[in-house]
Amino acid sequence: MSAAGCRMSVGTLLNGLLVSIVAALLWKYSKLSEHAALLEEELHMTRQSQELSQAHIDYHVALQALQEHGTRMVCTGKMHTDRICRFDYLCYCSEAEEFVFFHSNSSVMLPNLGSRRFQPALLDLSSVEDHNTQYFNFLELPAATLRFMPKPVFVPDVTLILNRFNPDNLMHVFHDDLLPAFYTMKQFLDSDEDARLVFMEGWEEGPHFELYRLLSNKQPLLKEQLRNFGKLMCFTKSYIGLSKMTTWYQYGFVQPQGPKANILVSGNEIRHFAKVLMEKMNITRAAGGEKDQGNAEDEKPKDEYIVVFSRSTTRLILNEAELIMALAQEFQMRVVTVSLEEQSFPSIVQVISGASMLVSMHGAQLITSLFLPPGAVVVELYPFAVNPDQYTPYRTLASLPGMDLHYIPWRNTEEENTVTHPDRPWEQGGIAHLEKEEQEQIMASKDVPRHLCCRNPEWLFRIYQDTLVDIPSFLEVLQEGVKAKPLLKKSKLSSTLHPGRVRDPQCQTSVQTSNEAKLTVSWQIPWNLKYLKVREVKYEVWIQEQGENTYMPYILPQQNYTFSDNIKPFTTYLVWVRCIFNKNLLGPFADVLMCRT
């Protein structure tokens, strides 16, 4: 090879090496730039997450957990109406407005319902039972699809995700949202005051949003606000749904409105909730407002007064000043008016918390009666043709054990003492949009028939009437009602406590003749009975012949008894025994006895 050829080969080699080195450097720079971009994006996502919370989150660890383990779900409850679910890494796609469950080989979905999840839903997002606008479900995707989706923003807070039912109405705010959310947080969330509430129904804040803020130290999030944090939000730990244990009323979606068939809440739980809310609003109960329950018969508060709820737009008391004067003269008390339109809610609660009596037209504002002191009177006024026995959310509240409120309804029975508004919009009782025949029928009716929710025109027409209260009939009803008011005595716990199991139940049998036998059953008193002062103690005994469906019940005053009627020789009997306090406080049955004659 010539020297020139050698030089060309060396030059070519050097050029090739230089190109390779430059290419390697460019590739490395490209990778570093890509890695830097990924780090920058991860940092941006982490910053977005930190905007939601003071809690710190390792974005890479969270993303890896979602990719490898997917979403995990464990629920309580057998049906969608009583189900509440905990999720780890449940995500929400704001573009699709859908929750997303990411599946991996280690995902958990308990219960794993398959297609039954859509019959009709996994759960209710609201405490209002089985309402088709409140159903919750999610979409499903493989975790591998995360590579093709927008980078998720992780919410490090523990969240409670729910629907507010009607945040514009104070009754719904308390009954359907605040009380259920308060006790759901107590039941499921480790640190309820640091949990984040997320409202998914799509409403704006509404006039009572400050009340929702009282439930947690964290600012609640609305559905619309989720878009601000990215296209894919993933909740590291969330609870979905609301407990229905605190609700006492149903609004007539399936049957006419009235108390729930199975009320599980008492006044004790509601008064605890009211106390916590008052503390959060920095309200102390008005001086003298809380009677000394031990001496209620002998002492009165230092400053007793009556509160009248004043309405300024609809459902007016047309002679409000005259009503106030009549109350002041009749009871020789100061009368104070409050108004949701003119006063802050905490200032209203401050006044109501010390009142001896609350007087109001039927309406959502009467939910504030849960802040009244024990022993107070609730007086609810009903417009003409509206039957007090058919619309009872506040009567039911006042009647709950432990509320210790005395409820009195008054109904306007004089049609000339009412002012109707047929030309208003339909949602405020207007009927001008109806056919003339239907308008005449509504105007002629003297009693609104029972109906389903929520747009019955006759109900709306009558409930939005203004009323001239007939003072003599009002005072007469009030006098009779106050006479019937029970004295508020210091509550005796033993009068509401249930007995335990009877101890050491035994049976002995003897055969008298071929057709006659005896069965003796004995037991010892429940363990807690010796510590309680109980007025009356009896025992319930059930005897059932083995193989039969019916049983013979007995109520006995003693701890042993010999049965001979209907007891057959050479027969096995099943026997149950339990204790009863004060006629209606039942204890659990002891273990069943098998007795062979």
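See the structure shown above.
Every value quoted in this text rests on a predicted model; they were computed, and no experiment measured them.

(A) Main features of unusual backbone geometry. A cis amide bond, omega 5°, links Leu110 with the succeeding residue Pro111. The peptide bond linking Cys453 to Cys454 adopts the cis configuration, its omega dihedral lying at 15°. Here Cys454 lies in the loop between α9 (436-444) and α10 (457-463). A positive phi angle is found at Glu97, which is not glycine, with a value near 55°. We note that Asp130 has phi near 55°; this positive angle belongs to a residue other than glycine. Mapped onto the elements of the fold, Asp130 is located in the loop between β6 (123-124) and β7 (135-136). In this structure Asp130 comes out as partly exposed when scored by relative accessible area, which is 38%.

(B) View of the nonpolar core. One finds Leu160, Phe174, Trp248, Ile270, Ile367, Leu370 and Phe371 to be the most contacted residues of the largest nonpolar core, which totals 75 residues. Sort the elements by how many residues they give to this core and helix α3 (residues 170-188) lands first, with 11 residues. When residues are assigned to domains, this core turns out to be shared by domain 1 (59-245) and domain 2 (269-284 + 303-420 + 465-484), each giving three or more. Beyond its immediate chain neighbours, meaning those up to four positions away, Ile367 contacts Leu170, Met171, Phe174, Trp248, Tyr394 and Leu397. In this structure, Phe87, Phe101, Leu122 and Phe136 belong to the second largest nonpolar core, which totals 25 residues.

(C) Representation of the state of the cysteines within the structure. The full count for this structure, using the stated rule, is 4 disulfides. The disulfide partner of Cys91 is Cys234, and the S-S distance across this bridge is 2.0 Å. The sign of the S-S torsion, about 100°, decides the handedness of the disulfide formed by Cys91 and Cys234: right-handed. Here Cys234 lies in strand β12 (residues 232-240) and Cys91 lies in strand β3 (residues 90-93), a separation of 143 residues in the sequence. For the pair Cys91 and Cys234, one class covers both residues: buried. Between Cys507 and Cys595 runs a disulfide, and the two sulfur atoms are separated by 2.1 Å. Where Cys507 bonds to Cys595 through sulfur, the torsion about that S-S bond is close to -110°, and the disulfide is left-handed. Note that Cys507 is positioned in strand β22 (residues 503-513) and Cys595 in strand β29 (residues 593-596), a separation of 88 residues in sequence. The class for Cys595 is buried, based on a relative accessible area of 1%. Cysteines bonded in the chain are numbered consecutively along the chain; their disulfide partners then correspond to 1-2, 3-4, 5-6, 7-8. Unpaired in this structure, Cys93 has its nearest cysteine sulfur neighbour in Cys91, at a distance of 9.8 Å.

Conventions we followed
- Residues numbered from 1 in each chain as written.
- Predicted model: local features only at pLDDT ≥ 70, side-chain atom pairs only at ≥ 80, totals over all residues.
- Heavy atoms only, no water.
- Helix = DSSP H or I, 4+ residues; strand = E, 2+ residues; numbered from the N terminus.
- Buried < 20%, exposed > 50% of the residue type's maximum accessible area, 1.4 Å probe, protein only.
- Core = buried A, V, L, I, M, F, W, Y, C linked by side-chain atoms within 4.5 Å.
- Domains from an automatic or database assignment.
- Contact = heavy atoms within 4.5 Å.
- Disulfide = S-S within 2.5 Å.

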